[in-house]
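# Structural features, examined
Listed below, chain by chain, are the residues.
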Amino acid sequence: MTTTTAPSRAPSAAPPLRRMHLAAHFPGVNNTTVWTDARAASQIDFASFEHLARTAERGRFDFFFLAEGLRLREHKGRIHDLDVMGRPEAITVLSALAAVTDRLGLAATVSATFNEPYELARRLASLDHLSGGRAAWNVVTTSDAFTGENFRRGGFLDRADRYVRAAEFVATTRALWDSWPTGGTARPVAHQGPHFSVRGEFTLPRSPQGHPVIIQAGDSAEGRDFAAATADVVFTRHSTLEAGQEFYADVKARLAVHGRDADSLKIMPGVTFVLGDTAADAQERAATIRRQQVSPQNALVALEQVWGVDLSAYDPDGPLPDFDPDPDSQLAQGRVRIGDPKAVADRWRALSEAKGLSIRETVIETTGRQSFVGTPAAVAEEMAAFVAGRAADGFILIPHLTPDGLDGFVDRVVPLLQERGVLRTEYEGATLRSHLGLPEPVRPAGKG
Amino acid sequence: MPASPCALRPLHLAFALDGPARRARRGPQAYDPEHYVRLARLAERGTLDFVTLGDSFARPGPDALAVLARVAPATGRVGLVPAVTTTHTEPFHVSTAVNTLDWVSRGRAGWTVEVSRSRAEARLFGRRDAAPADALWREAGEVADVAARLWDSWEDDAEIRDAATGRFVDRDKLHHVDFRGSSFSVRGPAITPRPPQGRPVVVVDASARAAREVAAAHADVALVRAEDPATAGDARADLRERTRALGRDPDRLRVLVSLPVELYCSGDAVGLADLIGDWHADGVSDGFHLRPADPERDLARLVDGTVPVLQHRCLLRRFYPGATLREHLGLPRPANRYAAARKVAP
Ligand SMILES: Cc1cc2nc3c(=O)[nH]c(=O)nc-3n(C[C@H](O)[C@H](O)[C@H](O)COP(=O)(O)O)c2cc1C
């Protein structure tokens, strides 16, 4: 019943093809994004957003994705200066992109910690109206006090409560979206809970999708449960086949408890790619990009993030430190914390010794390797295999160049995916929900 | 006709896109972006300085800033000025959203600072009770202040992309704002680079006494609701005096008379041109902000009837000489306070 399953062109033997969902992630503020390349353009001009969004729509992608970070990162008490930084506010950019795209979904990452449900429900419903049903919200739960310093309530939220608040937030938001039945007039909402008190009328009629699509990104057990209970899409970092399959099975298994079927939640790992005319050419390009991503300065910062101490006196082309990391370091702020620094350090040192790698070479080897590297045909085949093998329902592609890092993929890989029958050749519906094959949210009975 | 023979004081015109709430509630056009795009394009044909869109959490209709962001790529010159309230919102988010509107419109953004006074709005958030106007406007002034500091928190040349040292920015040109207001604090810097205009144009409706000091301290454009030239002139003089008292150059503040208009026929449109011409000649205002009874009808009459008469009388320009809203208003791009402070420091 969903658009995920397309009729197979092969005779009976082959299993039905699973169609994939694709999304385009605007290059982010970490060292995945290469800014030293001559082709790297502005990360802030609207023209860059427009180019990537139009490219994604040309490739018949499901949606365009913007991340969020509410405080500039700091390292050793100073603003981290080595990576691309400076982003606009997501919902505003997407509202503008609605003017230059027709079908592409528009996904904004917005914190459930440093916002209030009434205002955000209204902004998302506005985007859904203004785009004819293409809005999505990536619910994130970052709650650190460092970020809180930019907001009225500071670091008010206990980390343990991050998903409790997020769940109440989304539930309240949905109540507001449901409060104006089709054809009816607003019914007052009265929500009273541990995190929110919301009473009154919502000012927007039901938006084209009813509920904008809900995306979740977060990896803890609580995060996965939250996704299983509430989300339509999961954005995950598990981008290898084995890790992807394990994650996929785990999250899908959590759905049944909530009375949901497996197709109602799409799992989309964030992935990177490098194309070449031959396999060797692609590998060579990938290596070049890795060296651009891990500059000597960036290698030391990566090392300091693990060790938690100042290592600026180290030579990036020399050996790793021989002492153990400081487990309680506050060196890096505004980043996802490394769970077990000692284990990471041991792994890095073992690799460095085994292969004779320098600091920079070790960082290149161990962090952020590209997910799909090869000829367009090989990449298309591997991506299809991930989806067929239930490691993913699709992918959020993260180009390394702004804004034309997706051009090659859309020109060369998309036609092959379409030929295989695993990617749509035309949009069938108008809304993001329809692209994703998601059911319409149950409509409250209209009155009057 | 070339612009040069018209050596008069420039006249600034702005138009409110919102209809009365009753209409918006009934008409589906309030939720159709094409409605706003049509109006903004029409305003642009009339070379108006900017259009405004009001907002409140209790008003039926979509988020005003989002609507004007949707309009931005469909227009090229006209200024886009949504209302954003400061009472139940986060100062940091407000600053970022207005900054972003400036980026997506390539330097055409403004912001009408508003407060949320009603109990109904307070109950939608459940964080604080409704408060008196004075307290809310004091906070609004602080929000305008911190927003401007955040816009300045990236110096214009902070982004260096220096491959030799691996540095994307010069962090000495990024600044924590460390703002402490009476009800909030913000550490900074902004997460968004300084907007194209340096600072988007800040608009304050200074008709209410409680808002007047905020207008004098923070506004680039003050709106004054006045029914006659004498009232308008007094309000303008008062605002200019307060501005001067705060150490600002009063010539950096544009005072526009905010007038309700209802243009039933082309005769009304010419009558409006007469009125605008008379008041402007008296020197009681820098221009007009027109609040229509029916936005579509009244804007069409204004652009086809009033604007040509004003142009013919040499009171209004025939084209946009600049690209940004500040340029339309004849306001310079503000110097960055942090860059200036860094240069002064030893
Ligand atoms: C793939 C992925 C992307 C994320 N993107 C963002 C982001 O753009 N902004 C943000 O504030 N947090 C982001 N997060 C952080 C999560 O929302 C979440 O706050 C964090 O992972 C902690 O939740 P957890 O303990 O469940 O992992 C992302 C997480 C993942 C896994």
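Parameters at a glance
Residues numbered from 1 in each chain as written. Chains lettered and ligands numbered in written order. Predicted model: local features only at pLDDT ≥ 70, side-chain atom pairs only at ≥ 80, totals over all residues. Heavy atoms only, no water. Helix = DSSP H or I, 4+ residues; strand = E, 2+ residues; numbered from the N terminus. Rg over C-alpha atoms; globule rule 2.2 N^0.38 Å. Contact = heavy atoms within 4.5 Å. Areas by Shrake-Rupley, 256 points an atom, 1.4 Å probe, with all protein chains shown as cover. pLDDT = per-residue confidence, 0-100. Buried < 20%, exposed > 50% of the residue type's maximum accessible area, 1.4 Å probe, protein only. Core = buried A, V, L, I, M, F, W, Y, C linked by side-chain atoms within 4.5 Å. Domains from an automatic or database assignment. Buried area = accessible area lost by both parts, 1.4 Å probe.

With that settled, the discussion passes to the overall build of chain A. Across its full length, chain A holds 14 helices and 17 strands. Taken against the 2.2 N^0.38 rule, which gives 22 Å for 448 residues, the C-alpha radius of gyration of chain A at 22 Å falls within 12% of a compact globule. Once the C-alpha set of chain A is aligned to its principal axes, its extents read approximately 75 × 60 × 45 Å. Across chain A, the fraction of contacts at a sequence separation of at least 24, relative to all contacts at a separation of at least 6, is 75%. Here chain A displays about 17100 Å² of accessible surface, and carbon together with sulfur accounts for 52% of that area.

Our focus in this paragraph is the confidence of the model for chain A. Looking at chain A as a whole, its pLDDT mean stands at 93, while 95% of the residues score no less than 70. Note that pLDDT drops below 50 for residues 1-11 of chain A; the model gives that stretch 27 contacts with residues more than four away or on any other chain.

All right, on to the side chain of Q197 of chain B then. Within the secondary structure layout, Q197 of chain B lies in the loop between β8 (185-186) and β9 (201-205). Relative accessible area serves as the criterion here: at 1%, Q197 of chain B is assigned to the buried category.

Let us now look at unusual backbone geometry. Most peptide bonds adopt trans geometry, and most residues besides glycine take a negative phi value. The omega angle of the peptide bond from T402 of chain A to P403 of chain A is -5°, so this bond is cis rather than trans. In this structure, P403 of chain A sits in the loop between β17 (394-397) and α13 (407-419). Positioned with a positive phi, R390 of chain A is a non-glycine residue whose angle comes to about 55°. Locating R390 of chain A in the fold gives a position in the loop between α12 (376-388) and β17. Positive phi is not limited to glycine here, since D178 of chain B has a value of about 40°. Mapped onto the elements, D178 of chain B comes out in the loop between β6 (167-169) and β7 (179-180). For D178 of chain B, a relative accessible area of 48% puts it in the partly exposed group.

To continue, consider the confidence of the model for chain B. Residues and elements named next belong to chain B. Looking at chain B as a whole, its pLDDT mean stands at 93, while 94% of the residues score no less than 70. Of the regions scoring below 50 in pLDDT, residues 21-26 engages in six contacts with residues more than four places distant in sequence or in other chains. In the predicted complex, the global pTM is 0.96; the interface-specific ipTM is 0.96.

A word on the nonpolar core. Ranked by internal contacts, the top residues of the largest apolar core, which has 187 residues, are F61, F64, F395 and F409 of chain A. Here this core gets 10 residues from one element, more than from any other, and that element is helix α6 (residues 133-152) of chain B. Setting aside its immediate chain neighbours within four residues, F395 of chain A contacts M20, H21, L22, A23, M268, P269, V271, F372, M383, F386 and V387 of chain A. Residues A299, V306, L311 and A345 of chain A belong to the second largest nonpolar core, which totals 15 residues.

Residues and elements named next belong to chain A. The domain boundaries assigned to chain A delineate domain 1 (7-276 + 374-436) and domain 2 (295-366). The C-alpha centroid of domain 2 is placed 31 Å from the C-alpha centroid of domain 1. Counting residues at the interface gives 11 residues for domain 1, matched by 13 residues for domain 2. Of the roughly 1100 Å² buried between domain 1 and domain 2, counting both surfaces, carbon and sulfur atoms make up 53%. Contact with domain 2 buries surface across domain 1, with H75, K76 and L82 losing the most and accounting together for 49% of the total.

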